[in-house]
Each structure stands twice: as structure tokens, then as C-alpha cells.
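# Results of the structural survey
For reference, the chains in residue letters:
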Amino acid sequence: SAVISQKPSRDICQRGTSLTIQCQVDSQVTMMFWYRQQPGQSLTLIATANQGSEATYESGFVIDKFPISRPNLTFSTLTVSNMSPEDSSIYLCSVEVYNEQFFGPGTRLTVL
Amino acid sequence: AQSVTQPDIHITVSEGASLELRCNYSYGATPYLFWYVQSPGQGLQLLLKYFSGDTLVQGIKGFEAEFKRSQSSFNLRKPSVHWSDAAEYFCAVGGDSGGYQKVTFGTGTKLQVIP
């Protein structure tokens, strides 16, 4: 299994600003994933982050808006840039261990 | 492309009654299938998973699910619902995407339990 922590757990931000979300895993993992869960919606994969290489983004998500860092095998950050109210969501980090995905508690972002 | 359909957005059951949440998937090969639960303000918790073998899988909290290839379904069941089961339930399908598993989630079913 894997235990994942995220910081911050929640934040309220002004439009036009940026927020960086941190994800820490208690074991080394190859792939880390970032998801978005908009209010009342399901989870949508934003990107997949492999240590030492650029993240792979899903359709509809771009690096300029959601830059991701993956400096080592236990840590990743997701930045939500130039925020608008439409970015208000829960952002979740996850990892895959033996074909099972484990999720962090999420970061609840509200953009005013 | 893989996809998951959860046809029921909202279900209400009485405490003690049986429960079945429906899930249909689309995937070209044998899929990895999951059910997750998300309680209000909580993260996602894995209830159960199917990778291969016995098509009836047992999970935590008394839940089970049955994989039916012919119907492309993976319905979640519980014989007797408890008030604490009120939550949102997500079915998900995982498929190989070049060395890692890409997981696609359904839209979720919100379960309400009434006394």
C-alpha cells in the first residue's frame, strides 16, 4: 500500500494568482497521477508524472496551466496557474502500487 | 478508449435493505475494475478490485461485486446497508497505457440511507 499526504488541504485564492499543491508518498513510486474533481463531478485525470521526465497531460489540460514537477520518487507538485473560478475543484494526487491506485486526501481549492 | 457508465446518479435505500449499484464499462481487453467510496469531506477509499480469477470479489465493509464479461458489468452489492454507508460510490476501469495503468472513473452514484 501507500500513504499519501497533500498540502495544503484547502485554500481560498484570488483569481489570477497561482497555487502549488504538494504531494508526498511514504514509499518510492515510479508514476504519480494528478486528478481534478470539480464540484459534484467525477475524477478527471490531469496528467501523469514520471520521475525525471516531463509530465504527460490528458486532453484538455496543458502544461502552462498545470505545470508539474517530479523531482524524486516520493514527491510531486502541481501548480494551478492564473486561476479563475472555474478552477475551483478538489485536486487529488495518486500513485499506483501493484496495479492498485492509492489516493491522497485531496486539496480543496476555491477561487474567488 | 476505455469508459465507465454508472446509470444511477442518486439512490436511496432504507437501512437494513439490500443494495446494488450498477456499473458498465467499455474496454478492449480484460479490464482491471475497481469500486471506490468517497464519504463527505473524505478521500477515496478502495472497496474492492477485480483483476482476474473468481468473478465474484469480496471487499471491505461487507461489499461484493460481480464481474460479468458478457454484460460488461461490474455491479456492487451489499446485503444489508448501514447508515454509515451513505456516501458517493465510484466505479473505475484501469487499462495498460504504456507501462502504467490509466484509470477512468464513472460519474459516481450518491447513496442516501434512510432510517
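We now turn to the structure provided with this report. As the structure is a computational prediction, the values presented were derived from the model and not from experiment. (Residues numbered from 1 in each chain as written. Chains lettered and ligands numbered in written order. Predicted model: local features only at pLDDT ≥ 70, side-chain atom pairs only at ≥ 80, totals over all residues. Heavy atoms only, no water.)

Taken together, the contacts link 17 residues of chain B with 18 residues of chain A. Between chain B and chain A, roughly 1500 Å² of surface is buried when both sides are summed, and carbon and sulfur atoms account for 53% of that area. Of all residues in chain B, the largest losses of buried area upon contact with chain A belong to B:L44, B:Y100 and B:F105, amounting jointly to 33% of the total for that side. Where chain B touches chain A, the interface holds two salt bridges. For A:E58, the salt bridge identified is with B:K102, shortest N-O distance 2.6 Å. Scanning the region where chain B abuts chain A turns up five residue pairs in polar contact (both at pLDDT 80 or more). Contributions of two or more residues to the side of chain B that touches chain A are made by β5 (32-38), β6 (44-50) and β11 (101-105) of chain B. (Contact = heavy atoms within 4.5 Å. Buried area = accessible area lost by both parts, 1.4 Å probe. Salt bridge = Lys/Arg side-chain N within 4 Å of Asp/Glu carboxyl O. Polar contact = N/O pair within 3.5 Å; in protein donor to acceptor, adjacent residues only side chain to side chain. Helix = DSSP H or I, 4+ residues; strand = E, 2+ residues; numbered from the N terminus.)

The next subject is unusual backbone geometry. Leaving glycine out, the prevailing phi sign among residues is negative, and the prevailing peptide bond configuration is trans. Following A:K7, the chain continues into A:P8 via a peptide bond in cis, with omega recorded as -10°. Positive phi values are uncommon outside glycine, yet A:N82 reaches one of about 45°. Relative to the helices and strands, A:N82 is located in the loop between β8 (75-80) and β9 (89-97). Residue B:S72 is not a glycine yet carries a positive backbone phi of 50°.

Turning next to the pairing of β11(B). Residue and element names in this part refer to chain B. Buried residues dominate β11, accounting for four of its five residues. Relative to β11, strand β10 (residues 87-96) runs antiparallel, the two being bridged by five bridges. When the sheet's bridge partners are listed, D96 is paired in β11 with Q101. (Buried < 20%, exposed > 50% of the residue type's maximum accessible area, 1.4 Å probe, protein only. Pairing = 2+ DSSP bridges.)

All right, on to the nonpolar core then. Residue and element names in this part refer to chain A. In this structure, I46 and V95 are the most contacted members of the largest nonpolar core, which totals 28 residues. For this core, the secondary structure elements donating two or more residues are β3 (19-25), β4 (31-37), β5 (43-50), β8, β9 and β11 (107-111). Once residues lying within four places of it in the same chain are set aside, the contact partners of I46 are W34, Y35, R36, T56, Y57, E58, F61, F66, L78 and Y91. (Core = buried A, V, L, I, M, F, W, Y, C linked by side-chain atoms within 4.5 Å.)

With that out of the way, let us pick up the environment of B:F90. With respect to the helices and strands, the residue B:F90 is situated in strand β10. In this structure the C-alpha to C-alpha distance between B:F90 and B:Y36, which are 54 residues apart in sequence, comes to 5.1 Å.

Residues and elements named next belong to chain A. Under the counting rule described, the total for this entry stands at two disulfides over all chains. A sulfur-sulfur separation of 1.9 Å characterises the disulfide bridge that pairs C23 with C93. On the S-S bond that ties C23 to C93, the torsion sits near -65°, and the link is left-handed. Of this pair, C23 sits in strand β3 while C93 sits in strand β9, placing them 70 residues apart in sequence. (Disulfide = S-S within 2.5 Å.)

All quantities given are derived from atomic positions and should not be read as evidence of function.
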